[in-house]
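# Secondary and tertiary structure notes
One letter stands for each residue in the lines below.
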Amino acid sequence: MIKTNNLKKVYTTDEVETTALNGIDLQINEGEFCAIMGPSGCGKSTLLNILGLLDNPTEGTYQFLSYEVSNKSEHERARLRKGNIGFVFQSFNLIDELTVFENVALPLLYLGIPEDERKEKAESAIDRMNMMHRRNHFPQQLSGGQQQRVAIARAVVANAKLILADEPTGNLDSDHGDEVMKLLSELNDQGTTIVMVTHSPHDAGYAEQTINLFDGKIVQEEVEEGFHV
Amino acid sequence: MIKNYLKVALRNLGKRRGFTFINVLGLAVGIASCLLIAAYVLHELSYDKYHEKSERIYRVTQTTQTSSKNESGATTPFPVAPTLQSDFPGQIEKTVRFFDMQEEVRTIINAQTEESFRVDHFYVVDSTFFDVFSADLVRGNPQTALDDPMSAVVTEEQARRFFGDENPIGKQVTFKGVKDFTITGVMKALPKTSHFQVDMLVSFNSLPELYGTREFMERWFWNPCWTYVLLKDGTIPQELEVQLAGFVDKNYADREEGETITLSLQSLTDIHLYSNLDQEMEANGSIFYVYLFTAVAALILVIAAINFMNLSTARATERAREVGMRKVLGAQRKQLFGQFMGESMLMTGLAYVAALFLVYLSFPWFNKLLGISLGVEGLYSWKITAGLLILFFVVALLSGLYPALYLSGFNPTSIMHGSKGTQGEAREKLLRKGLVVFQFTLSVVLIIGTVIVYLQLQHLQNKKVGFDKEQVVVMPITQTLIAWEFDQFKEKALKSSHIIGLTGMSKVLGSESQFYSKYSPANQSDAPPTNMTLHVKHDFLEIYNIQLLAGRSFSRDYPADAENTILINKSMLNQIDAETPRDALGTRFYYTTAEDEREPFEVIGVVDDFNYTSIKKKISPLVINLVKEGRPTVRNIEFATAKLAPGSIKNGIDDLRKVWKEVNHIDPFTYFFQDEKLQEIYESEKQMSSVSGFFTLLCILVACLGLFGLASYTASRRTKEIGIRKTLGATVPNIVALLSKDYLKLIVISNIIAWPVIYYLAVQWLQEFPHRIELGWNLAAIFVSVGFTTIIIGLLTVSYQSLRAALINPVESIQQG
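Residues numbered from 1 in each chain as written. Chains lettered and ligands numbered in written order. Predicted model: local features only at pLDDT ≥ 70, side-chain atom pairs only at ≥ 80, totals over all residues. Heavy atoms only, no water.

Let's shift gears to the packing of helix α9 (residues 287-314) of chain B against helix α22 (residues 683-717) of chain B. Residue and element names in this part refer to chain B. Packing of α9 against α22 leaves a shortest axis separation of 9 Å and a crossing angle of 5°. On the basis of their axis angle, the class for α9 and α22 is roughly parallel. Residue classes in the contact of α9 with α22 are distributed as 19 nonpolar, five polar and one charged. (Axes fitted to C-alpha atoms, helices over the stretch in contact; angles between N-to-C directions. Helix = DSSP H or I, 4+ residues; strand = E, 2+ residues; numbered from the N terminus. Parallel < 35°, antiparallel > 145°, perpendicular 65-115°, else oblique. Nonpolar A, V, L, I, M, F, W, Y, C, P; charged D, E, K, R; others polar.)

Have a look at this one:
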């Protein structure tokens, strides 16, 4: 599903060059659960942005679903993103002005899905996260754990093949964090590919493959028994 | 999708109430100003367009030029109309003359009840009036109503005044107690948008009977008639105008030597806004104010739109997360663009509703301010509705386009960084600052402009007119019995202890009208054949306290004064080559009589210059001539003037009225105060300056609203910085200074940019006044004080927010950030 070759990302601001990623070779197959670990500033989020088609690499190739996407315009990337990739963020990133239901239904709206179907799919996704009783609430009225469950519902509502999670438990206490990890695990069991950035070895334990990043490079790949890189 | 946009937009507006309030209020004030001003402009532009044939109607005006005078008048001699009609039958369909008998008092008496009425808008007109102008006759036949001598048409209102509910047709009214008119028609009042108003029209062929002669109607010298021509279809007015030069040569036989007369055609619909000639029927409007107010309305709207742009883009980082997330979820730029445009439309829509409400509330008051009577219903026409729609989209686009483009352009990754790149943000900040400077520059220009207009008006009003105007009562007496019995009137009036003195004169001092007579210096070959002349009765200089520079005043001790002496003013010294007033004494003038005989007059006194005509005009050379006691003053003395004892205004007027009634049982007693008459001249300027002052205030209000919003936003964005600074030891004043400094700089820059602009405009504007304020140190003082005022207003606006931010507990602000 994901294959990168010598991926590089360089940021230039005010004549200072910062190399965030420096030659990443990576392969993640369909149905895998992969964790990316590393200290702050090692390039985890940059990698996730590129994998999620939110940003282009400076150098190297990236094949997503067998398409070469490293040089695609934002417009084309947006088309590929829609329906294929779901995002879960540390800070949830729900839109404050929309209710739980409206937040979850938003990707379907942009996919141009008719209202009846939208309602059905969104409600089913909310139901899966056990949030039906909160469907008409606004994000500010929910706890952090509940907000993240809504964010996950939003990520899966369009049947995304890939979910990218950027420290999904970072803002949650351990009970709520475990709850979220279990949900992601369940999704993975049902066939969704998951790539997760985390600081927590505990959370990384849910993954089948862990990639350690340091200064923009992969320093070590750990694979649980029975899996191959 | 649209439902979703609308929902988000509404929730957004509801959530950021302060932001919404500032934007909606600013835009509403801008739109309301536009609507009010549009109503006024449309009213001004609609003058005289109600006449069906308005596009073919022209007024003939006459310019008379000699070496010393240049008179542009709205009137022409009696024979112009009929001669034009017979000379240009192929081009001119009809002509109409208006003549007001040049009198201040027109008394109409119901022949049956003997009740007397004063009629203001009284004209002698040709019977073609109803063929040329669109006026509705409620009773009577428009074809024949003004055919017969001594027939009259009155408005419904006047008919009711004269006769109550009775049918007025065929009834008789007595004019000045001598001649009877028969009412032959009743007309509807003319619309307010007419450059002349009518109360009563009488037939032109009544004139020979009224004056006992028709000789004056054939003369080409006296020009008292407003003359209108209805051109035939297809006639090009410019072509006809060219032919009028030959017409003048052929017909104006009694022109003076060296006198050039030009006749011009003035489009009927241009008169109200573009004409400011001598002898206008009524005071006209001015296209200058139409332009000025339109510009001010546009400026207020632009300032309000800038507020919207600035506040929207300033809040951009706040919304970057939303934009990023929507893009992550698959939104395309055009969809987001649509969403933000939708928000600005919604905002504009809200502002519109508020604006309509504001207009509804302020309309009566706006009418009062302008001294007009517009109806709100005028705003319901399809033109206005279409204009409103266009304005709506212009405002929505103007204010929404830039923020929508800007906001929808964020990268989806901005969601990770939380803000846009530093470079982009710096550029935005610069643009925002530029816009704030633009807003305040406009405001400063408007404030200083208003101050200068105000000072100039004060200057004109306080200017020494050269004569006493307090405690002076003026009574129009032309064609009244008082004119015939002036001496008796004076003698009886002076018996009252409340009346100090009484005199008579040909024109009211300080009014627009002028009076030329054929007085000319005897020994100057290049002297003009006529000079402005004031005819007076004894005690004129004394009552008005006009200063005598040399010689003596008219005196009863010299019975021949009226026969062979004159006074001149200081400005006349030039014409007679006299160095000092004393040198002028004894100079000989000739008066050329109607029979072309030259009568000698000797200068016995020189008076200091005084404003015998409008203060707006320069003081020209003047001859003052005494009208002999005992001689009927019918022709030359149009006004009697009484000086009242201090504190005796009420009693003095009562006594004057009593004496008037004793001497004159026919004409009602009418009077006005000399000082009030002078005030009237500035009435329109005063009105306009208060209107522009008001809109200036609105302008500043809207600009400050924007500044307030921006300051509150900056304060909230810098909360964390403020917290850190405070933990490091910054005091509250330090913080306030830190936050306010930037904005104060912008206001100072605005002031400096505004100065040369306003200086240029002020110099241009003041050029039109012969008596104008000097722009020197006073201008610098205005600049500095307006600068300080705007800084203080800006400081108050900004520091409220800064202080609030500075007073937050530092722990809270750090956590917030």
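Turning our attention to helix α1 (residues 2-15) of chain B. Residues and elements named next belong to chain B. With 14 residues, α1 should reach 20 Å at 1.5 Å per residue; the first-to-last C-alpha distance of 20 Å fits that figure. Listed in full, the buried residues belonging to α1 are Asn-4, Tyr-5, Val-8, Ala-9, Asn-12 and Leu-13. Viewed end-on, α1 has its buried residues packed into an arc of 160°, placing them on one side of the element. (Expected span 1.5 Å × (residues − 1). Buried < 20%, exposed > 50% of the residue type's maximum accessible area, 1.4 Å probe, protein only. Arc of directions from axis to C-beta.)

With burial as the criterion, each face of strand β4 (residues 107-110) of chain B is covered, one bearing Thr-107 and Ile-109 of chain B and the other bearing Ile-108 and Asn-110 of chain B. Hairpin connection between β4 of chain B and strand β5 (residues 116-118) of chain B: a loop of five residues separates the two successive antiparallel strands, and Glu-114 of chain B in this loop has a positive phi of roughly 65°. (Pairing = 2+ DSSP bridges.)

Another point: the nonpolar core. Residues Tyr-40, Leu-509, Phe-540, Tyr-544 and Phe-610 of chain B are the most contacted members of the largest nonpolar core, which totals 117 residues. With 15 residues, helix α2 (residues 17-45) of chain B is the largest single contributor of residues to this core. The residues touching Phe-540 of chain B, leaving out its near neighbours within four places in the chain, are Thr-503, Gly-504, Met-505, Leu-509, Leu-534, Ile-546 and Phe-610 of chain B. Counting 49 residues, the second-largest nonpolar core is a separate cluster that includes Cys-34, Ile-36 and Phe-87 of chain A together with Val-323 of chain B. (Core = buried A, V, L, I, M, F, W, Y, C linked by side-chain atoms within 4.5 Å. Contact = heavy atoms within 4.5 Å.)

Our next topic: the interface of chain B and chain A. Between chain B and chain A, the residue contacts involve 26 residues of the former and 26 residues of the latter. Of the roughly 2600 Å² buried at the junction of chain B and chain A (both faces included), carbon and sulfur atoms supply 57%. Across the contact surface, chain B and chain A share five salt bridges. Of the charged contacts, one joins Glu-102 of chain A and Arg-11 of chain B as a salt bridge, the two residues approaching to 2.5 Å between their closest N and O atoms. In this structure, the connection of chain B to chain A is made through seven residue pairs in polar contact (both at pLDDT 80 or more). Listing elements by their share of the side of chain B that touches chain A, those giving two or more residues are α1, α10 (316-328), α11 (333-370) and α13 (414-417) of chain B. Considering only residue class, the side of chain B that touches chain A consists of ten nonpolar, seven polar and nine charged. (Buried area = accessible area lost by both parts, 1.4 Å probe. Salt bridge = Lys/Arg side-chain N within 4 Å of Asp/Glu carboxyl O. Polar contact = N/O pair within 3.5 Å; in protein donor to acceptor, adjacent residues only side chain to side chain.)

Once that is clear, we can look at the pattern of salt bridges. If you walk through the whole model with that rule in mind, you get 32 salt bridges over all chains. Here Lys-9 of chain A ties to Asp-55 of chain A by a salt bridge, and the two come within 3.4 Å at their closest N and O atoms. Taken as a pair, Lys-9 of chain A in strand β1 (residues 2-13) and Asp-55 of chain A in the loop between α1 (44-51) and β4 (59-64) lie far apart in primary sequence, 46 residues in all. Asp-55 of chain A shares its class with Lys-9 of chain A; the two are buried. Within this structure, Asp-96 and Glu-97 of chain A together with Lys-15 and Arg-16 of chain B form a network of salt bridges that share partners.

Take the confidence of the model for chain A next. Summary statistics for chain A give a mean pLDDT of 87 and a share of 97% for residues scoring 70 or more. Looking over chain A, one finds the lowest element-wise mean pLDDT in strand β10 (residues 217-223) of chain A, namely 77, and the highest in strand β8 (residues 193-197) of chain A, namely 94. (pLDDT = per-residue confidence, 0-100.)

Here the focus is the packing of aromatic side chains. Residue and element names in this part refer to chain B. Tallied over the full model, the rule gives 51 aromatic pairs over all chains. Judged by centre distance (6.3 Å) and plane angle (75°), the ring pair of Phe-366 and Phe-695 falls under edge-to-face. On the criterion of sequence distance, the pair formed by Phe-366 in helix α11 and Phe-695 in helix α22 is long-range, its members being 329 residues apart. For the pair Phe-366 and Phe-695, a shared accessibility class is recorded, and that class is buried. Ring plane angle 20° and centroid distance 5.8 Å describe the contact between Phe-708 and Tyr-800, whose orientation is recorded as stacked. With a gap of 92 residues between them, Phe-708 in helix α22 and Tyr-800 in helix α25 (residues 777-807) connect regions that are remote in the sequence. Here Tyr-800 falls in the partly exposed class, since its relative accessible area comes to 44%. Cluster of aromatic residues (ring-pair linked, three or more members): Tyr-40, Phe-288, Tyr-289, Phe-293, Trp-365, Phe-366, Phe-694 and Phe-695. (Phe/Tyr/Trp six-rings, centres within 6.5 Å; stacked < 30°, edge-to-face > 60°.)

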